[in-house]
Amino acid sequence: MKSSRTARLGTIVAGLAVLGTLTACTGPASSTTATSASPVAEAAESRTVELPRLSADAALEAATAALDSCRASGVGFVTVSVVDRFGQVQAVVRGDGAAEHTLSASAEKGYTAAAFGANTSELTERLPEGGGATLRDLEGTLFLAGGVPIKVGTATIAGIGVGGAPDGMVDEGCAVAGAAVLAEDAAS
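Asks: For the overall build of the protein, give the residues involved together with the corresponding values.
Replies: Helices and strands together make up the secondary structure of the protein, namely 7 helices and 4 strands. Listed by position from the N terminus, the elements making up the protein come as α-α-α-α-β-β-α-α-β-β-α. Across the 188 residues of the protein, 36% fall into the buried class. In the protein, of all internal contacts separated by at least 6 residues, the share reaching a separation of at least 24 is 62%. Carbon and sulfur atoms make up 59% of the accessible area of the protein, which totals about 11,200 Å².

Asks: If you had to explain the pairing of strand 4 (residues 155-163) to someone new, which residues and values would you point to?
Replies: Of all 9 residues that make up strand 4, 8 are buried, and the element is covered over most of its length. When strand 3 (residues 147-152) meets strand 4, the two strands line up antiparallel, connected through 6 bridges. When the bridges of strand 4 are listed, Pro 149 appears paired with Gly 159.

Asks: Tell me about the environment of Ala 59, residues and numbers included.
Replies: Mapped onto the elements, Ala 59 comes out in helix 4 (residues 56-72). Filtering out sequence-adjacent residues up to four positions away, Ala 59 remains in contact with Leu 54, Val 82, Gln 90 and Ala 91.

Asks: Can you break down a negative patch on the surface residue by residue, with the values?
Replies: A cluster of acidic side chains, namely Asp 57, Glu 61, Glu 184 and Asp 185, defines a negative patch on the protein surface. Sorting the residues of the negative patch by element identifies helix 4 and helix 7 (168-187) as the ones contributing at least two each. We classify Asp 185 as partly exposed; its relative accessible area is 39%.

Asks: Kindly report on the sheet that holds strand 4, identifying the contributing residues and their values.
Replies: Read across the open sheet, the 4 strands follow the order 2-1-4-3; overall the sheet is antiparallel. The two strands at the open ends of the sheet, each matched to only one other strand, are strand 2 (89-94) and strand 3. Taken over all neighbouring pairs, the strand axes of this sheet differ in orientation by 15 degrees on average, direction set aside. On top of the sheet, helix 4 reaches strand 1 (79-84), strand 2 and strand 4; it is set at about 30 degrees to strand 2, its chief contact. Strand contacts of helix 5 (residues 101-116): strand 1, strand 2, strand 3 and strand 4, with the helix running at about 155 degrees to strand 4, the strand carrying the most contacts.

Asks: Give me the pairing of strand 2: which residues, what numbers.
Replies: Note: strand 1 against strand 2, 5 bridges, orientation antiparallel. Among the inter-strand pairings, Val 82 is bridged to a residue of strand 2, identified as Ala 91.

Asks: Explain the pattern of salt bridges residue by residue, including any values.
Replies: Counted under the stated rule, the structure contains 4 salt bridges. A salt bridge links Arg 71 to Asp 68; its shortest N-O distance comes to 3.6 Å. Of the two residues, Arg 71 and Asp 68 both sit in helix 4, 3 residues apart, roughly one turn of that helix. Two residues, Lys 109 and Asp 171, come together in a salt bridge whose shortest N-O distance is 2.9 Å. One end of the pair, Lys 109, is in helix 5; the other, Asp 171, is in helix 7, and 62 residues separate them in sequence. Residue classification places Asp 171 among the buried positions, given a relative accessible area of 2%.

The rules behind each value
- Residues numbered from 1 in each chain as written.
- Predicted model: local features only at pLDDT ≥ 70, side-chain atom pairs only at ≥ 80, totals over all residues.
- Heavy atoms only, no water.
- Helix = DSSP H or I, 4+ residues; strand = E, 2+ residues; numbered from the N terminus.
- Buried < 20%, exposed > 50% of the residue type's maximum accessible area, 1.4 Å probe, protein only.
- Contact = heavy atoms within 4.5 Å.
- Areas by Shrake-Rupley, 256 points an atom, 1.4 Å probe, with all protein chains shown as cover.
- Pairing = 2+ DSSP bridges.
- Patch = residues over 30% accessible without salt bridge, like charges linked within 9 Å, V, L, I, M, F, W, Y side chains within 5 Å.
- Salt bridge = Lys/Arg side-chain N within 4 Å of Asp/Glu carboxyl O.
- Lys, Arg positive; Asp, Glu negative; His and termini not counted.
- Charge placed at Lys NZ, Arg CZ, Asp CG, Glu CD.
- Axes fitted to C-alpha atoms, helices over the stretch in contact; angles between N-to-C directions.

Spelled out as structure tokens, the structure:
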């Protein structure tokens with residue numbers, strides 16, 4: 001017990017010694033902080049991009065509107081997921097009685113729509129027939145109707161996916177209703 005404490009203490013002391021050496025070489029931390037006027041900060045700024053993303057409130061509003069649309073159609077047992085451009089879930093609304101598989105199906109449909117910038121029903125028509133690897137093999141994607149991209153201008157920033165209705169086109173209709181709420185908000 002004592003030897004493991006000694007080893008950990010040695011590691012901490014060595015780490016502090018390295019930190020002290022770095023501080024001695026570069027000066028105090030306050031002098032190494034880059035300001036917006038420094039060439040380093042300007043170079044870093046010119047090499048980065050800002051990507052638009054839905055707010056949490058907007059994502060939840062779209063998901064709720066999609067579930068409400070499904071409920072009005074008599075299929076409130078679905079799950080709705082809103083994901084960002086990279087497939088990270090921003091909002092999930094799971095209807096009463098939604099099966100477990102609808103959680104992943106809705107997120108994967110949303111991501112597929114966001115990644116390809118098109119409704120998933122349209123994407124299924126583009127897939128080649130026959131053997132071999134296809135887009136269907138991409139991890140995290142699901143080429144079934146029910147996913148709709150969310151765009152700002154021509155740029156896709158998110159996707160909304162619905163899973164669980166007996167027909168994928170019903171899922172997609174609900175997703176369209178969710179995305180439409182965001183378009184209405186932008187128009188007003």
